[in-house]
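Each chain is listed here by its residues.
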Amino acid sequence: MIRFASLGSGSRGNATIVEAGSTRIMLDCGFSETRFRQRLGLRELEPSQIDAILVTHEHSDHINGVGAVARKHDIPVYMTRGTAAQEKHGKLPTLHFIDVHDRFSIGDLEIQAYPVPHDAREPVQFVFGDGVSRLGILTDVGSATQHIVDVLNGCNGLILECNHDVDMLAKGPYPSHLKQRVGGRFGHLSNRQAGDLLASLDTSSLQHIIAAHISEKNNTEAMACSALAEALSCSESDIVLAEQEQGLDWLTISPT
Ligand SMILES: [Zn+2]
Ligand SMILES: [Zn+2]
C-alpha cells in the first residue's frame, strides 16, 4: 500500500513524503531543517523515519534544505549528476547518482525516474510503486512530452503541477523575463496545460488527483481545481490541493 503526504508545495518550498511497507522517502526539501522537522511532525513522523531523500532538480524551492537535513539526520540523497553539479546542497553524508531513465528500489519502494523539460541542469520527476499501485509526480515542467504521457498512463495517484493561469500570469506582477520563463517550454505548467495532459492520460485507475505547485501570484486554487475537474469530467470537490503552508495530509492508494 502506498501512502503519501506533502509538507508544502509551491515556489516557497516543496517536500513530498512517499511510503510503502516500512520504507519512507522524501522527494525534495525546500524547507530549512527546523521547518522540515515541524512540518514532518504535523504528519506524525520523525526525521529518523525518512530512509532517503530524492531530489528532482537544483532550484532552491526543491533543494534548499536537502544538505542540512541529510547531514543532521544522516539520510542518503539521490540525484542526477547534473543536479549535483550545481552544488546547492554542500557536503552530503551519502550521495547516490541516478540517471534520468533509471528504475531502482529503495526498500519496499520501486522508483522510476523520467526526464522533463524544465530550466535546470538535469531535472527528473518520479513515479513510485509498491508492485501493485503507482503514484506519479509531475511538477516543474514547461511542456508535456509523449514520454511523460507514457510514464504517467494508468497511475493510481497523481500529483500534478497547476502552476499558473495564462491570463493572470500575463497581467500579473512578474517582470517580463520571468513571465516568459514561467510560461515557456522549460518553465511551469499552466492550468490549461495540466488539464490537457490529464485529459490525454489513461485515468481509468486513478484514485487521487492532487493539484500542486500552484502560484500564489498567478493562479487561484479554484481555477486549478476547475481545470483538472473539467479534464476528468468530475466534480471540483474530487480535486485535492497540495498547498504552500498546509501541504497535503496523508492519502492512501488502496490496492485494486
Ligand atoms: Zn519548483
Ligand atoms: Zn524548478
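The structure we're discussing is the one just above.
Conventions used here
- Once a new chain begins, its residue numbering starts again from 1 and follows that chain's sequence as written.
- To read the labels, note that chains go from A and ligands from 1, taken in the order they are written.
- Per-residue local features are limited, in this predicted model, to residues with pLDDT of at least 70; the limit for side-chain atom pairs, both in listing and counting, is 80 or more; totals at the level of whole chains, interfaces and linings are taken over all residues.
- Note that the side-chain values use all heavy atoms of the structure and ignore hydrogens as well as water.
- Water is not part of the atom set, so a site may look incomplete; the donors themselves are N, O and S atoms within 2.8 Å of the metal, or 3.2 Å for Na, K and Ca.
- Under the classification used here, a metal with four donors is tetrahedral if each angle lies between 85 and 135 degrees, square planar if opposite donors are over 155 degrees apart and the others between 65 and 115, a six-donor metal meeting that same test is octahedral, and anything else is irregular.
- Helix and strand definitions follow DSSP, with helices as H or I runs of at least four residues and strands as E runs of at least two, each counted in order from the N terminus.
- Three labels apply to residues, based on accessible area from a 1.4 Å probe with only protein chains included: buried if under 20% of the type maximum, exposed if over 50%, partly exposed otherwise in between.
- Paired strands, in this sense, are two strands between which DSSP finds at least two bridges.
- Think of a nonpolar core as a cluster: buried Ala, Val, Leu, Ile, Met, Phe, Trp, Tyr and Cys residues, connected wherever their side-chain atoms sit within 4.5 Å.
- Only heavy atoms matter for contacts: two residues are in contact if any of them lie within 4.5 Å across the pair.
- Of the grid points, spaced at 1 Å and generated over the protein atoms alone, those admitting a 1.4 Å probe that cannot get out make up cavities, while open sets with protein on both sides within 12 Å along at least five of seven lines make up pockets; any residue with an atom within 4 Å of a point is treated as lining.
- Grid points are joined across faces, edges and corners, and a volume is the space filled by probe spheres set on the points.
- Ten residues, namely Ala, Val, Leu, Ile, Met, Phe, Trp, Tyr, Cys and Pro, are considered nonpolar, four, namely Asp, Glu, Lys and Arg, are considered charged, and the remaining ones, Gly among them, are considered polar.
- What counts as an axis is a line fitted to C-alpha atoms, over the stretch in contact for a helix, and the angles between N-to-C directions run from 0 to 180 degrees.
- Here, the arc refers to the directions that run from the helix axis to the C-beta atoms.

1. Remarks on the coordination of the zinc ion (ligand 2)
Stage number 1. Donor atoms from the polypeptide that coordinate the zinc ion (ligand 2) comprise H57 (NE2), H59 (ND1), H118 (NE2) and D140 (OD), at 2.1 to 2.5 Å from the metal.
Stage number 2. Here the zinc ion (ligand 2) is ringed by 4 donor atoms whose angles at the metal span 92 to 167°, and the overall shape comes out irregular.
Stage number 3. Look at where the donors of the zinc ion (ligand 2) fall in the sequence and you get H-x1-H-x58-H-x21-D.
Stage number 4. In this model, the zinc ion (ligand 2) sits 3.7 Å from the zinc ion (ligand 1), the two metals being bridged by D140. Of the two residues, H57 sits in the loop between β4 (52-54) and α2 (60-63) while D140 sits in the loop between β10 (134-138) and α5 (146-152), which places them 83 residues apart along the sequence.

2. Focus: the coordination of the zinc ion (ligand 1)
Tetrahedral coordination by four donors sets the ideal angle at the metal to 109.5 degrees; octahedral coordination by six donors sets it to 90 or 180 degrees.
Stage number 1. Coordination of the zinc ion (ligand 1) by the protein comes from D61 (OD), H62 (NE2), D140 (OD) and H213 (NE2), over a distance range of 2.1 to 2.2 Å.
Stage number 2. Note that the zinc ion (ligand 1) binds 4 donor atoms; their angles at the metal cover 92 to 160°, and the shape is irregular.
Stage number 3. Read in sequence order, the donor residues for the zinc ion (ligand 1) give the motif D-H-x77-D-x72-H.

3. Things to note about the pairing of strand β8 (residues 109-115)
Stage number 1. For β8, a buried count of 5 out of 7 residues is recorded, marking the element as mostly surrounded by other parts of the structure.
Stage number 2. Judged from the 4 bridges that link them, strand β7 (residues 103-106) and β8 form a sheet pairing that is antiparallel. By the bridge assignment for β8, F104 is matched with I111.
Stage number 3. Following β7, the chain reverses through 2 residues before pairing antiparallel with β8; G107 in that reversal takes a positive phi of roughly 55°.
Stage number 4. Bridge analysis of β8 against strand β9 (residues 124-129) gives 6 bridges, and the strand direction is antiparallel. Across the sheet, residue Y114 finds its bridge partner in β9, namely Q125.

4. Digging into the nonpolar core
Stage number 1. Ranked by internal contacts, the top residues of the largest apolar core, which has 28 residues, are F4, V18, I25, L54, F126 and F128.
Stage number 2. When residues no more than four places from it in sequence are discounted, the contact partners of F126 are L27, L54, V55, T56, I98, I111, Q112, A113, Y114, L135, G136 and I137.
Stage number 3. Among the nonpolar cores identified, the runner-up in size contains 26 residues, and L138, L160, L198 and I214 belong to it.

5. Describing the layout of surface pockets
Taking a probe equal in size to a water molecule and rolling it over the atoms shows the remaining empty space.
Stage number 1. Empty space within the largest pocket amounts to approximately 320 Å³.
Stage number 2. Lining the largest pocket we find D165, V166, D167, N191, R192, G195, D196, M223, S226, A227, E230 and A231.
Stage number 3. Those elements that provide at least two residues to the lining of the largest pocket are α6 (166-171), α8 (191-200) and α9 (221-232).
Stage number 4. In terms of residue count, the dominant contributor to the lining of the largest pocket is α9 (5 residues).
Stage number 5. When grouped by side-chain class, the residues that make up the lining of the largest pocket number 4 nonpolar, 3 polar and 5 charged.
Stage number 6. There is about 240 Å³ of room inside the second largest pocket.
Stage number 7. Along the walls of the second largest pocket sit 15 residues, with S11, Y174, R181, V182 and H188 positioned nearest its centre.

6. With respect to the sheet that holds strand β6 (residues 95-98)
Stage number 1. In spatial order, the strands read β6-β5-β4-β3-β2-β1-β14; together these 7 strands make up an open sheet with mixed pairing. The open sheet has two free edges, formed respectively by β6 and β14 (248-253), since each of these has just one partner strand. The sheet shows a mean angle of 25° between the axes of neighbouring strands, direction not considered.
Stage number 2. Looking at chain direction, strand β1 (residues 2-8) and strand β2 (residues 15-20) are connected through 6 bridges and run antiparallel. Looking at β2, one finds that S6 is bridged to T16.
Stage number 3. Sheet strands touched by helix α3 (residues 66-73): β3 (23-27), β4 and β5 (77-80). Its angle to β4, the strand with the most contacts, is close to 165°.

7. A word on α8
Stage number 1. Taken as a whole, α8 has its buried residues at N191, A194, G195, L197 and L198. Each buried residue of α8 sits inside an arc of 165° when the element is viewed along its axis, so together they form one side. Across α8 from its buried face, at more than 90 degrees, point the exposed residues R192 and D196.
Stage number 2. In this structure, the buried residues of α8 make contact with β10, α5, β11 (157-161), β12 (208-212) and α9.

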